[in-house]
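Structural overview
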Amino acid sequence: MKTDAFALRHIGPRETDHQQMLKTIGVESIEQLVYETLPDDIRLKAPLNLDPAMTEYEFSNHIHQLGNKNKVFKSYIGLGYNQAIVPAVIQRNVFENPGWYTAYTPYQAEIAQGRLEAILNFQTTVIELTGMEIANASLLDEATAAAEAMALLFDVRSRDQKKNEINKFFVSEEILPQTLSVLQTRATPIGVELVIGNHETFDFSTAYFGAILQYPGKYGQVHDYAAFIAKAKENEIKVAVAADILSLAKLTPPGEMGAAVVVGTTQRFGIPLGYGGPHAAYFATKDEYKRSMPGRIIGVTIDTNGNRALRMALQTREQHIKRDKATSNICTAQVLLSVMAGMYAVYHGPKGLQYIADKVHAATATLANELKKLGVEQTNTAFFDTIVVKADAKKVRTIAEQNEINFYYIDDNTISISLNETVSVAEVNEIISVFATATNQQATTIDSLTNTNHFPEHLKRTSSFLEHDVFNKYHSETALMRYIKMLERKDLALNHSMISLGSCTMKLNAASEMLPLSSPQWNNIHPFAPLDQAQGYQEMLKKLEQQLNVITGFAGTTLQPNSGAQGEYAGLMVIRAYHQSKGDHHRNIALIPSSAHGTNPASAAMAGMKVIVTKTLENGNIDVEDLREKAILHKDNLSCLMVTYPSTHGVYESAIKEITQLIHDNGGQVYMDGANMNAQVGLTNPATIGADVCHLNLHKTFAIPHGGGGPGVGPICVAPQLVPFLPGNPVIATGGDHAITAISAAPWGSALVCLISYGYISMLGAEGLKSATQHAILNANYIKEKLSGHYETLYSGEMGRAAHEMILECRPFKQKGIEVTDIAKRLMDYGFHAPTVSFPVAGTLMIEPTESENLEELDRFCDAMISIRKEIEASTIEDKNNVLKNSPHTLAMLTTDVWDFPYTREQAAFPLDYIAENKFWPTVRRADDAFGDRNLVCSCAPIEAYMEE
Ligand SMILES: *Cc1c(COP(=O)(O)O)cnc(C)c1O
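Criteria and cut-off values
Chains are numbered independently. Their residues run from 1 in the order of the written sequence. Whole-chain, interface and lining totals are the exception, using all residues; otherwise, since this is a predicted model, local features are given only for residues with pLDDT of at least 70 and side-chain atom pairs are given and counted only at 80 or more. Here the side-chain values reflect all heavy atoms present in the structure, with hydrogen atoms and water set aside. Helix and strand definitions here come from DSSP, where helices need a minimum of 4 consecutive H or I residues and strands a minimum of 2 consecutive E residues; each element is numbered from the N-terminal end. In a helix, the anticipated span is given by 1.5 Å times the number of residues less one. Exposure classes here rest on a 1.4 Å probe applied to the protein chains alone. A residue is buried below 20% of its type maximum, exposed above 50%, and partly exposed in between. Nearness is defined per residue: one heavy atom within 4 Å of the molecule or strand is enough. N or O atoms closer than or at 3.5 Å make up a polar contact, with two conditions inside protein: a donor-capable atom paired with an acceptor-capable one, and, for residues adjacent in sequence, both atoms drawn from side chains. In short, Shrake-Rupley with a 1.4 Å probe defines the accessible areas, and a residue's cover is counted only from the protein chains shown. Note that the arc is computed from the directions linking the helix axis to the C-beta atoms. Following DSSP output, two strands are said to pair if at least two bridges run between them. The contact rule is simple, with two residues in contact once any of their heavy atoms fall within 4.5 Å. A pairing counts as a salt bridge when a side-chain nitrogen of Lys or Arg comes within 4 Å of a carboxyl oxygen of Asp or Glu. UniProt positions are given in the numbering used here, feature names are shortened, and annotations may be inferred rather than shown by experiment. Between 30 and 60 degrees the pair is tilted, below 30 it is stacked and above 60 it is edge-to-face, where a pair is any two Phe, Tyr or Trp rings, Trp via its six-membered ring, whose centres lie within 6.5 Å. By definition, being over a ring means that NZ of Lys or CZ of Arg is both within 6 Å of the ring centre and within 35 degrees of the ring normal. Interaxial angle, 0 to 180 degrees, is taken between N-to-C directions of lines fitted to C-alpha atoms, where a helix line uses only the stretch in contact.

1. Describing helix H8 (residues 142-155)
- Here H8 is 14 residues long and its end C-alpha atoms lie 20 Å apart, about the 20 Å a rise of 1.5 Å per residue gives.
- The buried fraction of H8 is high, at 13 of 14 residues.

2. Concerning the site of the ligand
- Neighbouring the ligand are 14 residues, the closest being Thr332, Ser503, Gly564, Asp673 and Lys700.
- At a separation of 2.7 Å, an oxygen atom of the ligand approaches a polar side-chain atom of Thr332.
- Summarising the interface, the protein chains cover 98% of the accessible area of the ligand, which totals 380 Å² for the free molecule.
- Looking at the shell around the ligand element by element, the count peaks at 3 residues for helix H20 (residues 564-581).

3. Describing helix H4 (residues 56-67)
- In a regular helix each residue adds 1.5 Å, so 12 residues correspond to 16 Å; H4 covers 16 Å between its end C-alpha atoms and thus fits that length.
- Regarding H4, the residues found buried are Phe59, Ile63, Leu66 and Gly67. Relative to the axis of H4, the buried residues are bounded by an arc of 100° and lie together on one face. Relative to its buried face, H4 has exposed residues pointing more than 90 degrees away, namely Tyr57 and Gln65.

4. Quick notes on the sheet that holds strand E3 (residues 168-172)
- What the 7 strands build is an open sheet, ordered E2-E8-E7-E6-E5-E3-E4; its pairing is mixed. Each edge of the sheet is formed by a strand with only one pairing partner; in this case those strands are strand E2 (134-135) and strand E4 (193-197).
- Two elements, E3 and E4, share 5 bridges in a ladder whose sense is parallel. Bridging across to E4, Phe170 finds its partner in Val195.

5. With respect to the pairing of strand E9 (residues 297-302)
- Of all 6 residues making up E9, 6 are buried, and the element is well covered by its neighbours.
- The side-chain alternation of E9 yields two buried faces, one formed by Ile297, Gly299 and Thr301 and the other by Ile298, Val300 and Ile302.
- Here E9 runs beside strand E10 (residues 308-313); their pairing, made up of 6 bridges, is antiparallel. The residue of E10 that forms the bridge with Gly299 is Arg311.
- Taking the residues that link successive antiparallel strands as the turn, the E9-E10 hairpin has 5 residues, and the phi of Gly306 there is positive, at about 85°.

6. Notes on the side chain of Glu488
- The topology assignment puts Glu488 in helix H16 (residues 477-489).
- Residue classification places Glu488 among the buried positions, given a relative accessible area of 13%.
- Look past the residues within four positions of Glu488 in its chain and what remains in contact with it is Asn97, Gly99, Trp100 and Asn495.

7. Notes on the pattern of salt bridges
- Evaluation of the coordinates by the stated rule reveals 37 salt bridges.
- Across the pair Arg115 and Asp491 runs a salt bridge, and its minimum N-O distance is 3.0 Å. With Arg115 in helix H7 (residues 113-130) and Asp491 in the loop between H16 and helix H17 (511-514), the pair connects residues that are 376 residues apart, well separated along the chain.
- Residue Arg115 is classed as buried on the basis of its relative accessible area of 2%.
- Among the ionic pairs, Asp626 bridges to Lys630, the shortest N-O distance being 3.0 Å.

8. Examining unusual backbone geometry
- Cis geometry marks the peptide bond from Tyr215 to Pro216; its omega dihedral reads -15°.
- Note that Pro216 resides in the loop between strand E5 (210-215) and helix H11 (226-234).
- Backbone torsion omega between Tyr645 and Pro646 reads -15°, so that peptide bond is classified as cis.
- With respect to the helices, strands and loops of the structure, Pro646 is situated in the loop between strand E19 (638-644) and helix H23 (656-665).
- The phi torsion at Glu165 lies on the positive side, around 50°, for a residue other than glycine.
- In this structure Glu165 comes out as exposed when scored by relative accessible area, which is 63%.

9. Concerning the UniProt feature "modified residue: N6-(pyridoxal phosphate)lysine" (unreviewed entry) in the protein chain
- Mapped onto this numbering, the UniProt entry gives "modified residue: N6-(pyridoxal phosphate)lysine" (unreviewed entry) at Lys700.
- Structurally, the position occupied by Lys700 is in the loop between strand E21 (693-696) and strand E22 (716-718).
- For Lys700, a relative accessible area of 10% puts it in the buried group.
- Aside from chain neighbours lying at most four places away, what touches Lys700 is Ser503, Cys504, Thr505, Lys507, Ala675 and His706.

10. Comments concerning the packing of aromatic side chains
- Taken as a whole, this structure holds 32 aromatic pairs when the rule is applied.
- When the ring of Tyr578 is compared with that of Phe725, the centres are 6.5 Å apart and the planes differ by 70°; the resulting orientation is edge-to-face. Of this pair, Tyr578 sits in helix H20 while Phe725 sits in the loop between E22 and helix H25 (751-787), and the two are 147 residues apart along the sequence. Accessibility classification places Tyr578 together with Phe725 in one group, the buried group.
- Here the aromatic residues Phe170, Phe202, Phe204, Tyr208 and Phe228 are joined through ring pairs into a cluster of three or more.
- Sitting above the plane of the Phe154 ring, Arg157 keeps its charged end 3.8 Å from the centroid.
- Between the NZ or CZ atom of Lys919 and the centre of the ring of Trp921, over which it lies, the distance is 4.7 Å.

11. As for the sheet that holds E21
- Reading across the sheet, the 7 strands line up as E16-E22-E21-E20-E19-E17-E18 and stay open at both edges, with mixed pairing between neighbours. Looking at strand neighbours, the two that pair on one side only are strand E16 (556-558) and strand E18 (610-614), the edges of this open sheet. Between one strand axis and the next, the sheet turns by 25° as a mean value, whatever way the strands run.
- The sheet strands contacting helix H22 (residues 624-633) are strand E17 (589-593), E18 and E19, and the helix crosses E18 at an angle near 150°.

As structure tokens, then:
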């Protein structure tokens, strides 16, 4: 046995455990189990055609060599991406810390108070810098945040505007090119007409519902938008502003000018460039629009004891509830990055941010002045960090690149230079020298930066910001390190115990996959850097695309979408473009089974499709007869079917090929939701079952960590007929020959974290990947059998097997007064994060152990579930004061002098032996959702100010 094989590290069960596990399940071999699980007619006949697996050591060397093919130049390209300094204390204690990056989305608030507080800091930072009332917990990038702003303003049109079908949205020509491209993608299908122009000559006599402006403009001009926004208001036009977050420390925030929505990226708050992402975008608006706000909102509430507790607020806005009535499909966002940006604000505080903004501006002003002395003409008059100058671009470029410097070349004689936090006197001198050489002059050197404001005096920010305690007391490294640790300790992540989230595949995020992310060779490249400087990236991304093609059986892949839901949207837009290319503009019906994930109907609606819901049979499978009827009924207008495989019920439906054929016969394309790809890799694939396109959640199946709710990467892989339509980018050529406009801001989305999936696939190889899938099935069926007799498993395959996950029936416990939530909360006392609660079936738990968990952990989890089952048995409907209802139990509860619960402290906190060794203490009792929604507070203000009478 090769003991250095990565598969041995990634896969939990040891070979010596197999016997016992197989015996419990009642099969002879893993092969027999797979045979009994997967329909034979969809099994792959040959191994995946991938390169031999690398060991971790080999991968480390390989990725280092590949990284050397990237040329890390100083980047003054700007356009929404700026080199930033990641404070080392944040890099080490958050970015590189599994306590932060392996956490799940904070649905279980009581064991997520740490990251909830960190995100609240992020929201507060955004609210105060933009001058708005409410902000969300991040979006995917600035361009999609701008599109969400457009969708929100469209959604909140006045009754008259809706009646008169006012659908014009004004886009300032100052908008970033990638933002414009995403706006174009998103506008058309929902019936919004974009009008692009100059805001100074805007015609207010035409009816518009909204507008978006860029602040400062794409080439650095600082405009005073107050008059435009005021006039717009008179004309019932609501204005969104895409703003540079750092500039708002110096400039009047858009909120003070009357903006309805402010969006942007927080990348320059200590997030590496990463060749495009991941970065956290922000979205801030007015309180009155909170119910239409996309994404997650963290809010303050109280727990059972009336103590302050945080949790996700207003969850009824989410697509899980709204489905095809949703205006946004945002699910995974950029939580880890928002935590980092929030920590950056905590670490620097208001004075630090002010200092950084001043320094950036001073460097820019100094540069402008020196270039002027060289006779270089500058075209923008008011600026923050970007100047546009006239010079021979070709000449400048040659000299700049010799000096490892990138500018943005607008045309042959126009150059844009955006400065950033890393720039000091030395860097300014380097730039001066480039221009002196290009203009055949002697360079003068400066020895200090001059701090004069180069924007109108009345645009100077006068309001204070970030006065709250949290932004003013963690400014030494020791203090911040301990603050980060204090928060981390409140959270349960994968470095504590299994997180068996059905549909979310919380597997190992191996350190060897993560390490390259910290290397400047990889994380310090601008997404619009010339391709010849990004050869390492280009090779890695192409290779990953090929690997995903092989795994899915498809012909082409785009890595652009930044989440699974974004992938769904991309896939549907590609299907739409395909139908239109054949003149089938009318094909707009999407068939979606009732059990589908909420993002499916939400994405379909955003892609301009009409959703027809198809029935699910008693046994959880798609009702093929109902589907047939609807496919035939709508055959003239059928666009596609969206299907999850194995089904959301955790079953490999044997009729899948019949189902996909049925759709093709009626002129539709088949979209496969790939969230359950962990049950397919190496055994079957989407092409084999007859799909045309699927998204993959690289943050589920392919080992990118969840980060507490993001980052995500949701590539789509497509059959040959769809390849030409894969999305493009307006700055860097990518995508198909007939590419649709952009889905995301960056050409390759969140390129940096693609390294993780690349490492995962490269180190497992064909055999390891297949083995991972087999072990995922083994682990799931082991749990199923261990729990049988205690819990009923809903749905299984024809031979009684689960796929890689299973649904446990919990509804009958209502007769004992126990809700599924009680089980979820009680699991915390046992040191476990709950499985998926109430999806896809309300009142159930969906368990997915993944291949990474070993036998001991599976046994501990099963013991906990069985012990809880006994507690359920012992409770009665009248009994509201029992160990389940009172869960989770905090250390504070347990150590009070009075204990008046009808069970012992030991039963409360140490119900099983294994717990003592590794006790996890939830820090709050149950968070009160209703209270928090009635008293919505989404920033760091003290709760006393908001308590109910
Ligand atoms: C996770 C998931 C999605 C959405 O993925 P995000 O990355 O969160 O947008 C879609 N469908 C299913 C079945 C999922 O489990």
